[in-house]
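# Observations on chain architecture
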Amino acid sequence: MQIVIVGAGIGGFITALSLEAAGFRDIVVAERSREIRGLGVGLNLLPHAVRELTELGVADRIAELGVEPGTLAYFNRHGQAIWSEPRGRDAGYAWPQLSVHRGRLQILLRDLVEERLGDVIRLGHSLVALEPGDAERRAVATFEVAGGERVELAGDLVVAADGIHSVARSLRYPEEGGPRWGGLTLWRGTALIEPFLDGRTMIMAGDAEQKFVAYPLGAPLEDGRIRVNFIAERRGGGVSGADWNRQVERAPIAELFADWRFDWLDVPATIAGAEELLEYPMVDRDAIPQWTFGRTTLLGDAAHAMYPNGSNGGSQATLDARTLAYHVALAGTAAGVPAALAAYEADRRPATARLLELTRQTGPERVMQLAFERAPEGFADVHDAISAAELEGIAAEYKRAAGFHPSELAARPSLGVRRSADASAASLRDSGAA
Ligand SMILES: Cc1cc2nc3c(=O)[nH]c(=O)nc-3n(C[C@H](O)[C@H](O)[C@H](O)COP(=O)(O)OP(=O)(O)OC[C@H]3O[C@@H](n4cnc5c(N)ncnc54)[C@H](O)[C@@H]3O)c2cc1C
């Protein structure tokens, strides 16, 4: 079976690895960029995604790149603690949460794809057209390559993992236009600072108007400092196109947070000392009614771009990839691809649409907004503003919707499966083995 994956981002590479693990080898990954440069700053992989990466046999290599946050803690804009909870294995999961540099992750995934599949990545291939195919005919993806030439790649399956500006999606939804702006501007960066709190805590401070998020991205360096990823965010700004790579000056952004000098973290100093600072509008896309057309489907941000604040981008793309490979492997043959894609979409589209809605309501970060509304000048005891039961309820609801509530994650059967048209493949999932 011939498979074409469009986009060599996080979702595209994990799809290639998942399909390879499921027994497929005739795979091409076509990417618009002329080189894999490993761009971006921090990205979190939540335990449900790390479970999938573990079963794919790549989690150890990824863990070497980053760190495992032990706690997630929310604060108000005065630096007072609202809520904190253990994360990953500290929260009793069998799998850790991992904080990694997106660029380093992308380079590692490229290496893994080349190790397992060989020379399958086609750079400088920009998707411009996509014939969906049907039960009898293959899909055909057309790419523009250097010099404006066009190259066609036919596939029994074409997976479009071409990100938030997906061309594959725009071909099916030409009226949709650009991503939808939520009214906030984000500044993302990395900085070398003294460790804060216990050195393994991801923090979020502020409220719906202005917020600061920071988490370690690696072990302490020789001089004791750690590299942190941070996201400073503020209502306002403008929609100037969702470009992941737009660099901006540090001083004006640090000034916006001038009062945020907590006794445990100096926010303006962290921003002012950033190694790089990237501006990005808080954008997502509305859920769409259909991902699959003939032998083609959408995956990752192309299917369900969400605000980059719930640690969902990489994690949901990982779940998509594994679910897709699972259904395609169960189908086993090219003839079964349309039905496999329908099953993939039935599993993943409603789940991600629900999650998209929750991220628009700011998900678990609602506790920060409640604290702001009920005690804007701060509090002596957070429970004067929000009861413990309310705090716990908000955290649990989000985990359930995102697919990583501890008990549900532990009970979910494995998505690991080898290609087979017979019933033994299905029994792997039923038994939770593989
Ligand atoms: C440059 C960049 C930096 C990012 N930085 C961060 C970050 O710091 N933190 C974070 O949480 N998330 C970041 N993201 C988003 C994050 O990678 C995704 O939300 C998530 O990992 C889902 O991955 P994806 O594969 O669906 O999309 P992406 O990782 O965005 O990958 C999409 C891929 O498709 C390629 N592509 C686009 N159009 C075409 C086309 N027409 N033909 C062929 N290929 C095409 C792109 O070049 C890209 O390699 C970044 C994305 C990009 C592209």
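None of the values given here were measured: they were computed from a predicted structure.

### With respect to the UniProt feature "domain: FAD-binding" (unreviewed entry) in the protein chain
Under the local residue numbering, the UniProt record ascribes the feature "domain: FAD-binding" (unreviewed entry) to residues 2–170 and 289–357. Along residues 289–357 one finds 64% helix and 4% strand; the C-alpha atoms at either end are 15 Å apart.

### Some points on the pairing of strand β14 (residues 210–216)
The element β14 is largely enclosed, with a buried count of seven among its seven residues. Residue alternation in β14 divides its side chains into two sets, Gln210, Phe212, Ala214 and Pro216 and Lys211, Val213 and Tyr215, and both sets are buried. Two successive antiparallel strands, strand β13 (residues 201–206) and β14, enclose a turn made up of three residues. Here β14 runs beside strand β15 (residues 226–235); their pairing, made up of seven bridges, is antiparallel. The residue of β15 that forms the bridge with phenylalanine 212 is alanine 232.

### Regarding the side chain of serine 99
Position of serine 99 among the secondary structure elements: in strand β6 (residues 98–101). Polar side-chain contacts of serine 99 include one of 2.8 Å to the side chain of asparagine 44. Each residue touching serine 99, except ones within four places of it in the same chain, is listed here: Leu43, Asn44, Gly66, Val67, Pro69, Tyr215, Pro216 and Leu217.

### Points about unusual backbone geometry
The phi dihedral of leucine 197 falls on the positive side, at around 50 degrees, and the residue is not glycine. By the secondary structure assignment, leucine 197 is in the loop between β12 (180–193) and β13. The partly exposed category is assigned to leucine 197, whose relative accessible area is 42%.

### Focus on the nonpolar core
Counting residues in hydrophobic clusters, the biggest one holds 73 residues, and the most contacted among them are Phe24, Ile27, Leu45 and Ile62. Once you skip the residues sitting within four places of it in the chain, leucine 45 turns out to touch Val50, Leu53, Ile62, Pro96, Gln97, Leu98, Val100, Leu105, Gly314, Ser315 and Thr318. Ile164, Ala242, Tyr280 and Phe379 belong to the second-largest nonpolar core, a separate cluster that totals 31 residues.

### A look at the site of the ligand
The immediate surroundings of the ligand are formed by 32 residues, with Gly11, Glu31, Val41, Arg188 and Asp301 found nearest. At a separation of 2.6 Å, an oxygen atom of the ligand approaches a polar side-chain atom of glutamate 31. Contact between the ligand and valine 41: an oxygen atom at 2.7 Å from a main-chain N or O atom of the residue. Expressed as a share of its isolated accessible area of 920 Å², the protein-covered part of the ligand is 92%. Elements with a minimum of two residues in the shell around the ligand: α1 (10–21), β3 (42–45), β8 (126–131) and α9 (313–331). Counted by class, the shell around the ligand contains 12 nonpolar, 14 polar and six charged residues.

### Observations regarding empty space enclosed by the protein
One pass over the structure, following the stated rule, counts five cavities of 30 Å³ or more. By volume, the largest cavity is sized at about 140 Å³. What lines the largest cavity is a set of 16 residues, and nearest its centre among them are Leu72, Tyr74, Arg87, Pro364 and Tyr398. Elements with a contribution of two residues or more to the lining of the largest cavity: β4 (71–75), β13 and α12 (388–402). In terms of residue count, α12 provides more of the lining of the largest cavity than any other element does, three residues in total. Residues of the lining of the largest cavity, tallied by class, amount to nine nonpolar, three polar and four charged.

### Some details on the sheet that holds β13
With respect to topology, seven strands assemble into an open sheet ordered β5-β4-β13-β14-β15-β12-β16, the strand pairing being mixed. Of all strands in the sheet, those with a lone pairing partner are β5 (81–86) and β16 (276–284), marking the two edges. Put simply, the sheet's adjacent strands are angled 15 degrees from each other on average, direction ignored.

### Remarks on helix α10 (residues 337–360)
Taking 1.5 Å of rise per residue, the 24 residues of α10 would be expected to cover 34 Å, and the 33 Å separating its terminal C-alpha atoms lies within 8% of that figure. Along its length, α10 shows its largest kink, about 30 degrees, at glutamate 345. What α10 keeps buried is the set Val337, Ala340, Leu341, Tyr344, Glu345, Arg348, Thr352, Leu355, Leu356, Leu358 and Thr359. After α10 finishes, the residue threonine 362 shows a positive phi value of roughly 70 degrees.

### Overview of the sheet that holds strand β17 (residues 296–298)
Pairing in this open sheet of five strands is parallel, and the strands run β7-β2-β1-β11-β17 from one edge to the other. Whereas interior strands pair on both sides, the edge strands pair on one side only; in this sheet they are β7 (121–122) and β17. When strand β11 (residues 157–160) meets β17, the two strands line up parallel, connected through three bridges. For alanine 160, the partnering residue across the bridge sits in β17 and is leucine 298.

### Quick look at the pairing of β5
Bridge analysis of β4 against β5 gives five bridges, and the strand direction is antiparallel. Counted as the bridge partner of leucine 72 is glutamate 85 from β5. Taking the residues between adjacent antiparallel strands as the criterion, β4 and β5 are bridged by five residues, where glycine 79 takes a positive phi near 80 degrees.

### So, the pattern of salt bridges
Side-chain pairing between opposite charges can occur once the charged atoms of the two side chains come close. Counting across every chain of the model gives 32 salt bridges. Across the pair arginine 138 and aspartate 156 runs a salt bridge whose closest N-O atoms are separated by 3.2 Å. Placement of the pair is arginine 138 in the loop between β8 and β9 (139–144) and aspartate 156 in the loop between β10 (150–155) and β11, with a sequence separation of 18 residues. Overall, aspartate 156 belongs to the buried group, its relative accessible area being 8%. Residue glutamate 144 pairs with arginine 150 through a salt bridge whose shortest N-O separation is 3.4 Å. Classification of arginine 150 by relative accessible area gives exposed; the value is 55%. Connected through salt bridges with shared partners, the residues Arg51, Glu52, Glu55, Arg322 and Arg412 form a single ionic network.

Quick notes on the rules
- Residues numbered from 1 in each chain as written.
- Predicted model: local features only at pLDDT ≥ 70, side-chain atom pairs only at ≥ 80, totals over all residues.
- Heavy atoms only, no water.
- UniProt positions renumbered as here; feature names shortened; annotations may be inferred.
- Helix = DSSP H or I, 4+ residues; strand = E, 2+ residues; numbered from the N terminus.
- Buried < 20%, exposed > 50% of the residue type's maximum accessible area, 1.4 Å probe, protein only.
- Pairing = 2+ DSSP bridges.
- Polar contact = N/O pair within 3.5 Å; in protein donor to acceptor, adjacent residues only side chain to side chain.
- Contact = heavy atoms within 4.5 Å.
- Core = buried A, V, L, I, M, F, W, Y, C linked by side-chain atoms within 4.5 Å.
- Near = heavy atom within 4 Å.
- Areas by Shrake-Rupley, 256 points an atom, 1.4 Å probe, with all protein chains shown as cover.
- Nonpolar A, V, L, I, M, F, W, Y, C, P; charged D, E, K, R; others polar.
- 1 Å grid on protein atoms, 1.4 Å probe; cavity = no way out; pocket = protein on both sides within 12 Å on 5 of 7 lines; lining within 4 Å.
- Points joined across faces, edges and corners; volume = space filled by probe spheres on them.
- Axes fitted to C-alpha atoms, helices over the stretch in contact; angles between N-to-C directions.
- Expected span 1.5 Å × (residues − 1).
- Bend = angle between axes of the 7 residues up to and from the residue.
- Salt bridge = Lys/Arg side-chain N within 4 Å of Asp/Glu carboxyl O.

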